[in-house]
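Listed below are the residues making up each chain.
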Amino acid sequence: MDIRVLGPVEVYDGDVEIPIDGAQQQCVLGLLAAHLGAYVPVDRLIEALWERDPPKTARTIVQLKVSQLRKTLGGRIASTTAGYALAVPEEEVDLGRFRALVAQGRAGRPRDAAGAWERALGLWRGQPLQGLGTDWVERRVRRPLLRERWDLLEEHAAALIELGRHREVPALLQELRDEEPLRETPHTLAMTALWHDGRPAEALELFHDVQRLLAGELGVDPGPRLRDLHQRIVEGHRPVVPRQLPRDVPCFVGRQAEAERLRRLLHGGRVAVVTGAAGIGKSALAVHVGHQVAAEYPDGQLHVDLNGYGQGEPLPPERVLPRLLGALGVPAPSGAAEQLDLYRSTTATRRVLVVLDNAAHAEHVRPLLPGGSSSAVIVTSRDTLRGLALQGAQTVRLGTLTPGESRDLLADLVGPDLIQADPAAAAELAELCGHLPLALAIAGANLIGRVGLREYVAELLDDRLNTLAVEGDAQATVATAFAGSYAALTPDAQVLFRRFGLVPGCDFTAGSAARLAGTDPGTAKRLLARLASAHLVEEHAPGRYRLHDLVRLYAREHCTDAADDPAPLHAYYLHTARAVAPLLAPSIELLPLTGEDPPRDAEEFADADAARAWFQAEQHNLLTVIDHARGRLLWRLAETLRAFMYGTYQPDVIITAARRGLAAAERADDHAGQASMHHTLANAMFALNEPRPAVRHYEIASDLYEEAGWGTGTLLTLTNLAVARSSLGDLQQSLESQERIIRLWEKFEPSTKLAVTLENYAIKLLWAGRPREALDRQLRAVRIREELGGQPPWQARAYTILGDIRVALGELGPAVEDFERALAVANDLQLAATLSSVAFAHHLRGDGARAAELARRAVDITRVRPPAHEHEEARSTLARVDESLDLGERVGMLNEVLAVYRDRTYPYLESRARVWLAEVLVDGGRWDQAAAVAGQAREAAVRYGLRLLEGQALTLLARLHVRDGSAGEGRDCARRALEVHREFGHRLDEAAALAVLDQT
């Protein structure tokens, strides 16, 4: 499909035009196409159609127009609360194709650009959205689109001048000069083209026409560009025009956004500083853009390598100025001050592009800035050159290439065949090069003559820095590039930089860097700023710094001193993680520290929010430190992960760290360390739904804690052991164990440990179908929590449990109140479970629409990052409560959930899913299937002691027997269900059983 808005709004399918009826419908389509990729609010569409006087039915009319367009376009319009959007690829809209061709031209050489821009301009058929809409469309849509065309016409004309196609330019610009007569750039370009085409008289006549126009319309003279051009034409000769730019990079890829920003800065008369790490491609970008804009600077292009980071001393300004003056055809006086004055005077009246490459610092550049505002300057440096901000400079920062850009660069260097033959090796090669252009270019040079990539990849894996070098060229090495940056640092900055090599993978704050540098955070912040300014570290987020992989490798292999020690940093992470743990996970308790552990060095946190912010920022660093820790420090650090197991670290990551920690503790014959690591392994395995190995580790941990003399640890592991055993279906033994554990905790002061144990006990009582007892235990747990005070995160879980118990008791109104209270404080990890529970409560109350909405939210949340079993729980709830779904979809969803549960050990959830599947099958009229599933559900409930589910399955079987005419069997099942529900207070289920009994 081809949607056209750069003229009258039209739609074609191949060569066949698809009619869009009516001006309003065309206007709506035009607005959506003009905002391709973005949603247009309904209010904006109303303004476009009626502006200040819309009818009362305006919103309805817009919806009708969109509905008609959907039918015409085959559903290519998307809608959300934000409005409507045209959901098509950019190539299906002429405006999208226009912008893609514009970007393609700006990324290429002038000859390629001219071809792309000719095709782009050829897409225009008149005024955009021609003849449609209100004044709002004119101001907000049509004029901005026309400005895009005018800007491109100017760039296209400049490219044609550079290519020597002068004769085409005046006609190309005539429409723009007529439409925008006060815009001086088109007149300047037309005059330049006429002059270069040997028609100076016509150029001068054009100047006088513009002079009269500006005087009559604005009362002003032409600007400096036009006046300067006029003067040079009158003089009848051109000054020396230097063309010093190095050859454009033949393999230039990517950097479209950076190149566009650089061009904008130059067009705006700003000094542009291209800054980035060694080998990042600063000079290549400067030269590439320099060639693209060269035609706009008819007095020439100057280029100087200032040698700021090369071998030997940087070139001082007094050695550079004579070269610049000579290139401009002006003899240089002997004195430095006189040279500077003459340079500024000469450049004040000319339009020159000056590229100052490889500057060391701001003062290295300041004397070389041209006088006046008609010239442009590009400076490249590994330093940010902040001081040039005083001269109005702005920065273009370069990062590494994307994987796709790296692949394209390698293909340009070695040919596409070698890359296409083994794309996986090419991707690995680019990754080993850190997507650094210099490293990729060196790799490309080393691949010349090779028939494959794998051998070179293997060499890089063995020794990256030495392999990233071109034999016989001392400058063509990555290490040499970094060495210049390192040598320029002050000694204290060198100390911090080389110590970064001790801890691969981390990023740093001033606080953590201070531990490495052995200094205070204020000094560390200053050193980090110095390293960031030199692009040896990157401030990738406010206050957070990191090293490029190759830079870190250089620090480790070339700079690290034998006396450097990462132990202070490891101690900082140990103590700070232990300070965070009780604030984020109050029920988790860690072994007390002893004199064998490093002295305390931790951040201080005002509250849980501050602790959470630290941990969210540092969680990856904590793992990296654990990866490099050894001995006692290793298991001490791994122990802290128990506090961050749910929703942060994947259990298998924790298991890997805990196994390393256990090995370290066993080598040292450290029983306390072994107990802690078995405890950590058990928690992680239980989180992975592997209760059998978890039980084994809990048993070992409990015994070892007792040997080590830490009674709290023994109680903690016994509590967890009871929970793990219940998940294996041994519900009665679990209840007995938890009763004993509660009695043991009651010997101490009331604590969160007692509250958590009571909550776990309440859950198991609920599973056992004993909600009255569960309610008593859960209310007691809530009272203990409230008496202890502290942060409220416990409320979400506590009130969700309370609501689930009230649902079992048939108290739906109070249950929903409990759920709403839980939802008000639930975090992302708690939200899904609460939503599933409240959805089922609304289903039982008869509010199917609300139930389905909440269940869908739970599914959406857990689909992004499903914690433990909650995604399956949410899906099974949705299948049970959303009767708008197709029966086959509901049954399929529940069967998928059951398949997942079969691979795990969730007796209660699996049995409940079977009951719900049987209920869905009954509702859908699949009686035989329902009977089989209900029978399976009853058998599982009896096997695991799940009395509530047993009664529900019996009620279902009773309904099915009655329907089949087996009244006696139905009466028997219903009576047994009634006995269960009356005994334990399941009021809703009691009523359901009575209803079936009445039918018999």
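You'll find the structure just up there.
Treat the numbers as computed from the prediction; the structure is a model and nothing was measured.

Moving on, we come to the packing of aromatic side chains. By the definition in use, this model includes eleven aromatic pairs. Aromatic pair Tyr-705 and Trp-710: ring centres 5.2 Å apart, planes at 70°, arrangement edge-to-face. Of the aromatic side chains, those joined through ring pairs into one cluster are Tyr-572, Tyr-573, Phe-605 and Trp-614. Above the ring of Trp-767, the side-chain terminus of Lys-764 is found at 5.1 Å from the ring centroid.

It is the contact of helix α37 (residues 794–809) with helix α38 (residues 812–825), at a shortest axis distance of 8 Å, that shows an interaxial angle of 165°. If you check the angle between α37 and α38, you find them roughly antiparallel. α38 is crossed by α37, and the crossing has left-handed handedness. Contact with α37, carried on its side by Gln-795, Ala-796, Tyr-799, Thr-800, Leu-802, Gly-803, Asp-804, Arg-806 and Val-807, involves Leu-812, Pro-814, Ala-815, Asp-818, Phe-819, Arg-821, Ala-822 and Val-825 of α38 and no other residues of that element. Of the residues assigned to the contact of α37 with α38, the class counts are ten nonpolar, three polar and four charged.

Below, the discussion takes up the nonpolar core. Counting 218 residues, the largest nonpolar core has Leu-429, Phe-497 and Leu-622 as its most contacted members. Sequence-distant contacts of Leu-429, defined by excluding residues within four places in its chain, comprise Leu-410, Ala-443, Leu-447, Leu-453, Tyr-456, Val-457 and Leu-460. Core analysis: the next-biggest nonpolar cluster, separate from the first, contains 76 residues, Val-40, Leu-73, Ala-159 and Leu-176 among them.

Most of strand β6 (residues 271–275) sits out of view: five of its five residues are buried. Residue alternation in β6 divides its side chains into two sets, Val-271, Val-273 and Thr-275 and Ala-272 and Val-274, and both sets are buried. Inspection of the sheet shows β6 paired to strand β9 (residues 376–381) by five bridges, in the parallel sense. Bridging across to β9, Val-271 finds its partner in Val-377. Here β6 pairs with strand β10 (residues 394–397) via four bridges, running parallel.

What follows covers the packing of helix α11 (residues 256–267) against helix α12 (residues 282–293). Axis separation between α11 and α12 bottoms out at 10 Å; the angle between their running directions is 55°. For the element pair α11 / α12, the angle class is oblique. When you trace α11 past α12, the crossing you get is right-handed. In this structure, α11 uses Glu-258, Ala-259, Leu-262, Arg-263, Leu-266 and His-267 to contact α12, whose residues at the interface are Leu-285, Val-289, Gln-292 and Val-293. Considering only residue class, the contact of α11 with α12 consists of six nonpolar, two polar and two charged.

Another point: helix α13 (residues 317–327). Residues of α13 that are buried include every one of Pro-317, Val-320, Leu-321, Leu-324, Leu-325 and Ala-327, and no others. The buried residues of α13 all sit within an arc of 155° when viewed along its axis, so they share a single face. Buried-residue contacts for α13 involve β7 (301–305), α14 (336–348) and α15 (362–365). Positive backbone phi, approximately 80°, marks Gly-329, located one or two places after α13.

On the basis of which strands lie adjacent, the open sheet formed by three strands has the order β1-β2-β3 and antiparallel pairing. The two strands at the open ends of the sheet, each matched to only one other strand, are β1 (2–4) and β3 (16–17). Direction of pairing for β1 relative to strand β2 (residues 10–13): antiparallel, over a ladder of three bridges. Bridge pairing in β2 places Asp-2 opposite Tyr-12.

Calculation notes
Residues numbered from 1 in each chain as written. Predicted model: local features only at pLDDT ≥ 70, side-chain atom pairs only at ≥ 80, totals over all residues. Heavy atoms only, no water. Phe/Tyr/Trp six-rings, centres within 6.5 Å; stacked < 30°, edge-to-face > 60°. Lys NZ or Arg CZ within 6 Å of the ring centre and 35° of its normal. Axes fitted to C-alpha atoms, helices over the stretch in contact; angles between N-to-C directions. Helix = DSSP H or I, 4+ residues; strand = E, 2+ residues; numbered from the N terminus. Parallel < 35°, antiparallel > 145°, perpendicular 65-115°, else oblique. Left-handed = near helix turned anticlockwise from the far one by under 90°. Contact = heavy atoms within 4.5 Å. Nonpolar A, V, L, I, M, F, W, Y, C, P; charged D, E, K, R; others polar. Core = buried A, V, L, I, M, F, W, Y, C linked by side-chain atoms within 4.5 Å. Buried < 20%, exposed > 50% of the residue type's maximum accessible area, 1.4 Å probe, protein only. Pairing = 2+ DSSP bridges. Arc of directions from axis to C-beta.

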